[in-house]
Each structure stands twice: as C-alpha cells, then as structure tokens.
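# Inside the fold
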Protein chains: 2
Amino acid sequence: MAGNYSVQRETIYQALKSTKIHPSADWVYARCREKMPGIGLATVYRNLEALVEQGRAIKINVAQGKDRYDADISPHFHTVCPVCGKVSDCETDEDIVALLERECGKRGYQGWSLVFTDVCPDCRTNK
Amino acid sequence: MAGNYSVQRETIYQALKSTKIHPSADWVYARCREKMPGIGLATVYRNLEALVEQGRAIKINVAQGKDRYDADISPHFHTVCPVCGKVSDCETDEDIVALLERECGKRGYQGWSLVFTDVCPDCRTNK
DNA sequence: AATAAAATGAGAATTATTCTCAAATTTGCT
DNA sequence: AGCAAATTTGAGAATAATTCTCATTTTATT
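Quick summary incoming for the structure in this document. Here the structure is a predicted model, which is why all the values come from computation and not from measurement.

## Describing the relation of the copies chain B and chain A
The transformation that overlays chain B on chain A combines an axial shift of 0.0 Å with a rotation of 180 degrees, and the residual RMSD is 0.0 Å. What we have between these two chains is a two-fold relation. No C-alpha of chain B approaches the rotation axis more nearly than that of Leu114(B), which lies at 2.3 Å.

## Some points on the packing of aromatic side chains
Residue and element names in this part refer to chain A. The tally for this structure, following the rule as stated, stands at six aromatic pairs over all chains. Geometrically, the ring pair formed by Phe77 and Trp112 is edge-to-face, given 6.0 Å between the ring centres and 65 degrees between the ring planes. Of the two residues, Phe77 sits in the loop between β2 (68-70) and β3 (78-80) while Trp112 sits in strand β5 (residues 111-117), which places them 35 residues apart along the sequence. Each member of the pair Phe77 and Trp112 is classed as buried. The ring of Tyr13 carries the charged tip of Arg56 above its face, separated from the ring centre by 4.4 Å.

## Side note on the interface of chain B and chain A
Interface size is commonly expressed as the accessible surface area that is lost when the partners come together. Taken together, the contacts link 28 residues of chain B with 28 residues of chain A. Across the chain B to chain A interface the summed buried area is about 2100 Å²; carbon plus sulfur atoms make up 59%. When the area that chain B buries against chain A is broken down by residue, the three leading residues are Arg107(B), Tyr109(B) and Phe116(B), summing to 25%. If you look at where chain B meets chain A, you find zero salt bridges. Of all elements in the fold, only α4 (94-107) and β5 (111-117) of chain B reach the threshold of two or more residues within the side of chain B that touches chain A. Within the side of chain B that touches chain A, the residues separate by chemical class into 15 nonpolar, eight polar and five charged. One ladder, built from seven bridges, connects β5(A) with β5(B); its direction is antiparallel.

Analysis parameters
The residue numbering used here restarts from 1 in each chain and proceeds along that chain's sequence as written. A letter from A marks each chain and a number from 1 marks each ligand, given out in the order of writing. In keeping with the predicted nature of the model, local features appear solely for residues at pLDDT of at least 70, side-chain atom pairs appear and are counted solely at 80 or more, and the whole-chain, interface and lining totals rest on all residues. Only hydrogens and water are set aside when side-chain values are computed; all heavy atoms of the structure are taken into account. Residues reaching a pLDDT of at least 70 in both copies supply the C-alpha atoms on which the copies are superposed by least squares. By convention, a stacked pair of Phe, Tyr or Trp rings (six-membered ring in the case of Trp) has centres within 6.5 Å and planes under 30 degrees apart, an edge-to-face pair has planes over 60 apart, and any other such pair is tilted. Under the scheme used here, helices are H or I runs from DSSP no shorter than 4 residues and strands are E runs no shorter than 2 residues, and both carry numbers assigned from the N terminus. Exposure is judged per residue with a 1.4 Å probe applied to protein chains only, and the accessible area is read against the type maximum: over 50% gives exposed, under 20% gives buried, and values in between give partly exposed. Note on geometry: a ring has a charge over it if NZ (lysine) or CZ (arginine) is within 6 Å of the ring centre and within 35 degrees of the ring normal. Note on contacts: a residue pair qualifies if any of its non-hydrogen atoms lie within 4.5 Å across the two residues. Here the quantity called buried area is the total loss of accessible area, with a 1.4 Å probe, experienced by two parts when brought into contact, counted for both. The working definition used for a salt bridge is a side-chain nitrogen of Lys or Arg within 4 Å of a carboxyl oxygen of Asp or Glu. Ten residue types, Ala, Val, Leu, Ile, Met, Phe, Trp, Tyr, Cys and Pro, are classed as nonpolar, four, Asp, Glu, Lys and Arg, as charged, and the remainder, Gly among them, as polar. Strand pairing is assigned whenever DSSP detects at least two bridges linking the two strands.

Geometric values such as these leave the question of function open.
Put into structure tokens, the structure is as follows:
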C-alpha cells in the first residue's frame, strides 16, 4: 500500500487532537487554516473520514446537522445538548464500559456508542 | 393552546407506526403520498419534528446523512450498519435498560441512546 | 531521477433540511 | 352553525453540509 501520509492529514489530526470540543469539519478547517492557509475544505472532510477509517478518530452523529469528530478513541460516553447540539465527554463508568464491551462481543457486534441527553450549562443559563 | 391536530399529522404518524425500518423523512413522504397524494415534503419534515417534540416519536441520528425516525418510544437499543446505514432494533436487555435509566437519573440527564455497530446480513452477503 | 500511485485545492454538484408565504384548515367562542 | 383568530399546509426557493470532479502537486517505489 502506497500513500497514507500527507502534511495536510497530520495537520488535521493535530488540530483534532488539540481539542476536547468534538469539532465539526468546519471547525477543523478553520483551525488548520491558521497553520496552513491554503488547505482546502474538501481535504479536511476527506482526511477526517480517512482518520476514522484508520481507527485514529471516531465520528459522532448527532442532531443539529453537522457530524462531529473526536481523536479520543478510548471507550467513553458523551452528552449532547438538545438545545445547542454541543457534544461533551462525561464521566465514564468503567463498569458500564466493561459491561457494554462484553455485551458487544457476545452479540458479535463491532462497537457501541452511549450518548446521554443533557442540557448544557450555557443553555441552562440562557433560558 | 390551539391547534395540534391535522389530518396530515395523523397520516404521518400512522405511516411511521406502520414500520420497523426506522425510516427517513423521504420514506415517510413516499408512504404518505400513497394515501394522500397532495401532501408536501415540508409537511412531513415539520410533523416528524412535531411528533418528536410531543414525545410520540424519537429521532435517531446516524451517519449516512439522513435522520431516522421511530414511533416506538419504549426504551430500546439499536444497531446501525456501517456499510449501508440501515438502523434496526436489537435485543434489548432489560437489566441494561434499568442500569442506564438509573445512571441517567443519578446524573440528572434527560435520556440515553445506546447504538451498536453491526454489519447487517445484506451487507455481509454482498461482500 | 523516473514513474506510478495517491492526495490536494477549487469549485461545481448533490443531498438533506429549513424557510417563506399565500391559501386552506382547525380551533374557540357566541 | 357561523365567524374570527390561530395554526397548518403545499410549493418552491433558500440554506447548509457534504461529496464529487479533475487538473495539478506530493508522496512512494524502483
């Protein structure tokens, strides 16, 4: 297999690793442009997908339109704010992780995703 | 509060209740047009959202673009096929449900969603 | 260094969803 | 039942997110 590396891809990966906000493609694009003004949006989309395929990132699908990405591939839970769509990490109970991993294996599934709904502090305040 | 009823809304709800495929808006649209040829696509989108707000349906966010809806509002798990995006119900372990409900309450969250990744039989065959 | 393979940037194209608004339906009242 | 106010509809335009195309550049292989 040839290829599999480009300056852009690593820049994108670094940008993704640098944050815990579970950014969308356009956030990553803006971040990358600071270091690499010529980078294209399509390149960002392409490489985020590539990172997911390579197992270096995960994609989180939530309402509010945009797909979100996360370079933290360890098994963990997320919350989504039903008002603004913000995705956050939340306390991840290791016993539940173990249970889900076991359940997943038992059923022959490839993975799981546990997402809680939680109005975020910002949206709770502005209400 | 006035309003809150229309022939269209009930037709859309019936269409959604009639299937277990967790359809997207366009599927519901096509289904409704059989009984009500003049119905508009925007009406379907509007009412699916309304049903979710009323707690009569849930929205399932998965990759592959389209949002999916489900008139089954009982707590249950889903699988998503990473190849074709199909959403299915899967065996829902009541002990895990109870655990997640408890965890949710303990944390003050409003709800949870547990989705497993599983290549569906069709995609397993065509490979 | 030469060649093949893969990735890029730009913008066009596609897809899903939301918005706008005049007309129609439904609701609440008398 | 009849009427006004409120809500909802259908059609198509508008928006937003993502994917595609393709000529050029970068990376990998010899």
